[in-house]
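Structural overview
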Amino acid sequence: MAVPVAFFALFFAYPVTAIVGRGLKAGGDWQFGRIGEVLGRPDILDVLWFTTWQALASTALTLLIALPGAYVFARFDFPGKQVLRAVVTVPFVLPTVVVGTAFLALLGRGGLLDELWGVRLDTTVWAILLAHVFFNYAVVVRTVGGLWSQLDPRQEEAARVLGAGRFAAFRRVTLPALAPAVAAAALMVFLFTFTSFGVVQILGGPAYSTLEVEIYRQTAQLLDLPTAAVLTLVQFAAVGGILAVHAATVRRRERALRLVDPAQTSRRPRGAGQWALLGGVLLTALLLILLPLGVLVERSFDGPGGYGFGYYGALQSVGAGGSSTFLVPPLEAVGNSLRYALVATLIALVIGGLAAAALTRRAGRLVRGFDALLMLPLGVSAVTVGFGFLITLDKPPLDLRTSWILVPLAQALVGVPFVVRTMLPVLRAVDDRLREAAAVLGASPLRAWREVDLPLVRRAVLVAAGFAFAVSLGEFGATVFIARPDTPTLPVAVARLLGRSGELNYGQAMALSTILMLVCAVSLLLLERIRTDRSGEF
């Protein structure tokens, strides 16, 4: 636990505490009375209520739509499975401002629904909920599906032989085994929607505001740091309480599982029902995932003189169209993002892997509390973390404001929780008797880990690496504060282009977003191929 604790204390707790301290101090004195004053305001209470119920609704809708997809990816073998798995993960890395624009093109004035049926959903909560499902579909599919594919189907088959119906066997055998993974996926979805910023700001309009949106408004527009600090504390406390309840719930339902090679559980669909389920999942992916992505691609080619590569060509120059948005050609952001994401993934795997291994031992309340604390970066304002980096990591021996490593460190903060939540259910499902048998045979703890745990969790490690890489590619809230002007990341470059008026800037933003989609899709497809090639080693 020492390395993860030191990492989070230095690069998370210290910056966030420094920012909150500056907001709650006036003339050197703490102003704790400000907390009650802010929380008593009717407008703040409305923000708290909307933040909570939209997150619950988004989580429930995501589980309802994505769990069938998790089953299909876990149990069915069909042509194009690896490509589709990579495609459904692409939305997870897209900047929220780009996704908001794409959904406006579908749901807003002059959008697809408006043209076909005269229906507009922008500035309504339905647009927000659909965009949240778009973002988080892959979280459920990959987190739940990763464990589901390793569950021995013979356990459920034995229940059916003993007289249980299909639903009863699923409810009594499979569902309890999946409960930790489902709870972990629901937790991640809830945290992302609870702290939603770009989606609510673009699609919700002035009528809707989450805590994250209100923190940004109080900081950037009203310059009210005390109110922003109070809202940050509220967000921090709410997420901490939710994580504590979740950890207790999952711990009561954990048990050792029989894990098998995923290749043994995947087969071609059989019967009309299974084919219908597969068709329904494919149709959902088409309408929910591919249609918004298709809008982005179409707009990247739709130039003033017709369809072509004009916007892509403009990415190679610094001042195309008289713009001074960048010090370097925008296309360089692609290489920057890949380098940063690779380093961030390595950091997240090391920190998250050590944390997951420590949590597996279940060594008392301290470790259980650490389990909840690991998820806090997902529930704290990324704006607060990024700004905190600038004001705290500016003095020796940690003067990192001009160092390139600052960006991967910020990206790794949001990647570590995904590594932990992906690896932990599988690690805890490994039967302790296997480790004990290895120890009896003379294996050291390190060799027991290498010979027993690692073969069973290798699949989870690859899935965790894919998540960490994808999250790092799309991280924006903290990176926008610390990315250097001469080395922007793809999300920062897109935001800069969208922040400037003009058709050329908007087209370049769509072109960069399309490149980001392709980079993510290719990376995830390679990951799927590596995982499939090594599946026989489990």
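From a predicted model like this one, the values you see are computed outputs, not experimental measurements. (Residues numbered from 1 in each chain as written. Predicted model: local features only at pLDDT ≥ 70, side-chain atom pairs only at ≥ 80, totals over all residues. Heavy atoms only, no water.)

**Section: the overall build of the chain**
This is how it is decided: Strands are runs of DSSP state E lasting at least two residues, helices are runs of H or I lasting at least four, and both sets are numbered from the N terminus onward. Burial classes follow relative accessibility: with a 1.4 Å probe on protein chains only, a residue under 20% of its type's maximum area counts as buried, one over 50% as exposed, and anything between as partly exposed. Residue contacts follow a heavy-atom distance rule, with two residues in contact if any of their heavy atoms lie within 4.5 Å. The Shrake-Rupley method, run with a 1.4 Å probe sphere, supplies the accessible areas, and residue values consider only the shown protein chains as cover.
The helix and strand inventory of the chain stands at 24 helices and six strands. Expressed as a percentage of its 538 residues, the buried residues of the chain come to 54%. Considering only residue pairs separated by 6 or more positions, the chain has 79% of its internal contacts joining residues 24 or more positions apart. When the accessible surface of the chain is split by element, carbon and sulfur atoms take 64% of a total near 22900 Å².

**Remarks on the packing of aromatic side chains**
Selection criterion: Aromatic rings from Phe, Tyr and Trp, taking only the six-membered ring of Trp, are treated as a pair when their centres fall within 6.5 Å; an angle between ring planes under 30 degrees marks them as stacked, one over 60 as edge-to-face, and anything in between as tilted.
If you walk through the whole model with that rule in mind, you get 15 aromatic pairs. Ring geometry for phenylalanine 11 versus phenylalanine 389: centroids 6.5 Å apart, planes at 50°, classification tilted. A residue pair is termed long-range when its members are at least 10 positions apart, and phenylalanine 11 in helix α1 (residues 2–24) and phenylalanine 389 in helix α18 (residues 382–392) qualify at 378 residues. The pair phenylalanine 11 / phenylalanine 389 is uniform in exposure class, with both members buried. In textbook terms, an aromatic cluster arises when at least three aromatic residues are bridged by ring pairs, as seen for Phe7, Phe8, Phe11, Phe12 and Phe389.

**A look at empty space enclosed by the protein**
Over the atoms rolls a probe the size of a water molecule, and its path tells where empty space is left. How we decide: Put plainly, a pocket is an open set of points on a 1 Å grid over the protein atoms alone with protein on both sides within 12 Å along at least five of seven lines, a cavity is a set where a 1.4 Å probe fits but cannot get out, and a lining residue has an atom within 4 Å of a point. Grid points are joined across faces, edges and corners, and a volume is the space filled by probe spheres set on the points. The residue classification treats Ala, Val, Leu, Ile, Met, Phe, Trp, Tyr, Cys and Pro as nonpolar and Asp, Glu, Lys and Arg as charged. All others, Gly included, are polar.
Applying the stated criterion across every chain yields a total of five cavities of 30 Å³ or more. The space that makes up the second largest cavity amounts to roughly 100 Å³. Along the wall of the second largest cavity there are 13 residues; nearest its centre are Thr143, Gly146, Leu147, Thr422 and Val426. For the lining of the second largest cavity, the elements supplying multiple residues, two or more each, are α7 (125–148), α19 (406–429) and α21 (445–474). Among the residues making up the lining of the second largest cavity, the classes are represented as six nonpolar, four polar and three charged.

**A look at the layout of surface pockets**
Here the largest pocket is characterised by a volume of approximately 1100 Å³. If you trace the largest pocket, you find 44 residues lining it, with Thr96, Phe197, Ala382, Phe476 and Gly477 closest to the centre. When the residues that make up the lining of the largest pocket are grouped by side-chain class, the tally is 28 nonpolar, 13 polar and three charged.

**Side note on the environment of phenylalanine 192**
Relative to the helices and strands, phenylalanine 192 is located in helix α9 (residues 166–194). Taking the C-alpha atoms as reference, phenylalanine 192 lies 9.8 Å from serine 58; in sequence the two are 134 residues apart. The residues touching phenylalanine 192, leaving out its near neighbours within four places in the chain, are Phe92, Asn136, Leu378 and Phe418.

**Overview of α21**
Owing to its 3.6 residues per turn, the α-helix brings residues three or four apart onto one side. What counts is decided by this rule: Expected span of a helix: the number of residues minus one, times 1.5 Å. Bend, at a single residue, is the angle you get between axes fitted to the 7 residues ending at that residue and the 7 residues starting at it.
Look at α21: only 37 Å from first C-alpha to last across 30 residues, short of the 44 Å you get at 1.5 Å a residue. Residue leucine 454 marks the point of greatest curvature in α21, where the axis turns by about 60°; the proline proline 455 follows within four residues. Most of α21 is tucked away, with 21 of its 30 residues classed as buried.

**Brief notes about the confidence of the model for the chain**
Quick reminder of the rule: The pLDDT value expresses, per residue, how confident the predictor is, ranging between 0 and 100.
Per-residue confidence for the chain gives a mean pLDDT of 78; residues scoring 70 or more make up 87%. No element of the chain has a lower mean pLDDT than helix α13 (residues 262–265), which averages 59, and none a higher one than helix α3 (residues 42–75), which averages 90. Scored below 50 in pLDDT, residues 534–538 makes nine contacts in the model with residues more than four places away or belonging to other chains.

**Structural notes on the pattern of salt bridges**
To keep it simple, the criterion reads: Think of a salt bridge as a Lys or Arg side-chain nitrogen and an Asp or Glu carboxyl oxygen that are within 4 Å of each other.
Taken as a whole and assessed by the stated rule, the structure comprises one salt bridge. Taking the shortest distance from any N to any O, the salt bridge between arginine 41 and aspartate 43 comes out at 3.0 Å.

**Here we look at the nonpolar core**
For the record, the criterion: We define the nonpolar core as a collection of buried residues of types Ala, Val, Leu, Ile, Met, Phe, Trp, Tyr and Cys that are connected through side-chain atoms lying within 4.5 Å of one another.
With 146 residues, the main nonpolar core has Phe7 and Phe389 as its most contacted residues. Apart from the residues lying within four places of it in its own chain, the contact partners of phenylalanine 7 are Phe12, Ile347, Ile351, Leu409, Ala412 and Leu413. Counting five residues, the second largest nonpolar core, distinct from the first, contains Val430, Ala438, Ala443 and Val452.

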